[in-house]
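Structural features, examined
If you want the building blocks of each chain, they are given just below.
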Amino acid sequence: MDHKGKLYLIPVTLGDINPFEVLPLSIKKVVENINHYVVENEKTARRFIKSVVPSKPQPELVLFSINKYTDPSEIPSFLEPCLQGHDMGVMSEAGVPGVADPGADVIKIAHKKGIQVVPLVGPSSILMAVMASGLNGQNFAFCGYLPIDNMERRKRIKELESRSFNEQQSQLFIETPYRNNKMMEELLLQLHPSTEVCIACDITLPTEFIKTMSVNLWKKQVPDLHKRPTIFMIHKKN
């Protein structure tokens, strides 16, 4: 049987910060030894690699991009270096690969091809928000982006609040950062006054802000979340 390379899932920072403030040294060792990567954003991936291993020659890197513009039929070919015996890395634009990230498509194919998948330790904004929220860490769901259409978004907010109450399941979601303030406005309008809302913003960065309060209390001190990566988390308790 031919020797296959491994597919390493390499976490990156959640913003502009020294990588070794939030990442273990094991990341550096892996990046030193890998030249083939599947990445969400080539520019940010190259910058991250340079920050972790400054001496690594950039021209030696082979990067395959996977994002909303990628033709799905091309994705299996990205893993050809692994099939030839080379270890490969998968990188998200921020945080961990495969979670709210298109890298999941590559990982799924790797399993089908018998390639060993190796997840590495690093910051996940979703899990860190749950950790810090004080809401239900035993039962929660990440729902991705809510609808852009105003009516559909309001309906979805109500649905998630109802689910959190009926199933005692905390509900997490995200928004495009420049629309965060509009999302916060909608939550305060649509949710029950006693529903708890956690805002986890700029996680791991110097400007980190994480707070859980009822809708009633949030109305008295609405934060400015404009263009700041934010996880929203809601829970209506019995």
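Here we summarise the structure given alongside this text. Predicted model, so just to flag it, every value in this text is computed and none were measured. (Residues numbered from 1 in each chain as written. Predicted model: local features only at pLDDT ≥ 70, side-chain atom pairs only at ≥ 80, totals over all residues. Heavy atoms only, no water.)

1. A look at the overall build of the protein chain
Counting secondary structure elements, the protein chain contains 9 helices and 10 strands. For the protein chain, the spread of C-alpha atoms along the three principal axes comes to 60 × 35 × 30 Å. Burial analysis of the protein chain (238 residues in total) assigns 45% to the buried set. Summing over all exposed atoms, the protein chain offers an accessible surface of approximately 12,300 Å²; the carbon and sulfur share of this is 52%. Charge-centre separation for the protein chain: the mean point of 28 positive side chains lies 4 Å from the mean point of 26 negative side chains. (Helix = DSSP H or I, 4+ residues; strand = E, 2+ residues; numbered from the N terminus. Buried < 20%, exposed > 50% of the residue type's maximum accessible area, 1.4 Å probe, protein only. Areas by Shrake-Rupley, 256 points an atom, 1.4 Å probe, with all protein chains shown as cover. Lys, Arg positive; Asp, Glu negative; His and termini not counted. Charge placed at Lys NZ, Arg CZ, Asp CG, Glu CD.)

2. Side note on the side chain of Asp202
Relative to the helices and strands, Asp202 is located in the loop between β8 (196-201) and β9 (209-214). Within polar-contact distance, the side chain of Asp202 engages the side chain of Thr207 at 2.7 Å. (Polar contact = N/O pair within 3.5 Å; in protein donor to acceptor, adjacent residues only side chain to side chain.)

3. Some words on helix α1 (residues 25-33)
Taken together, the buried positions of α1 are occupied by Ile27, Val30 and Val31. Projection of α1 onto a plane perpendicular to its axis shows the buried side chains occupying an angular sector of 95°, all on one side. Facing away from the buried side of α1 by over 90 degrees, the exposed positions are Leu25, Lys29 and Asn33. Those residues of α1 that are buried are in contact with β1 (7-10), β2 (36-39) and α2 (42-52). (Arc of directions from axis to C-beta. Contact = heavy atoms within 4.5 Å.)

4. Regarding the sheet that holds strand β5 (residues 117-119)
Sheet strands pair by backbone hydrogen bonding; their relative direction is either parallel or antiparallel. Overall, parallel pairing links the 5 strands, which are arranged β3-β2-β4-β1-β5 in an open sheet. Looking along the sheet, the strands with just one partner apiece sit at the ends: β3 (62-65) and β5. Averaged over all pairs of adjacent strands, the angle between their axes in this sheet comes to 25°, without regard to strand direction. (Pairing = 2+ DSSP bridges. Axes fitted to C-alpha atoms, helices over the stretch in contact; angles between N-to-C directions.)

5. Remarks on the state of the cysteines
By the definition in use, this model includes 0 disulfides. The closest cysteine sulfur to the non-disulfide-bonded Cys201 is located on Cys198, 11 Å from its own sulfur. The exposure class of Cys201 is buried, given its relative accessible area of 0%. (Disulfide = S-S within 2.5 Å.)

6. A closer look at the sheet that holds β9
Overall, mixed pairing links the 5 strands, which are arranged β6-β7-β10-β8-β9 in an open sheet. Edge positions in the open sheet fall to β6 (140-145) and β9, since each of these has one partner strand only. Sheet twist, expressed as the average angle between the axes of neighbouring strands with direction ignored, equals 15°. When β6 meets strand β7 (residues 170-174), the two strands line up parallel, connected through 4 bridges. Bridge pairing links Phe142 to Leu172 in β7. Packed on one face of the sheet, helix α7 (residues 150-167) meets β6, β7 and β10 (230-235) and runs near 55° to β10. Sitting on the sheet, helix α8 (residues 180-190) touches β7, β8 and β10, and the angle it makes with β10 is about 10°.

7. A look at the pairing of strand β4 (residues 88-91)
Remember that side chains alternate between the two faces of the sheet whenever the strand is regular. Residue alternation in β4 divides its side chains into two sets, Met88 and Val90 and Gly89 and Met91, and both sets are buried. Two strands pair when backbone bridges link them, and β1 and β4 are joined in this way by 4 bridges, in the parallel orientation. By the bridge assignment for β4, Leu9 is matched with Val90. Examined bridge by bridge, β2 and β4 share 4 bridges and lie parallel to one another. Note on β4: the bridge partner recorded for Val38 is Val90.

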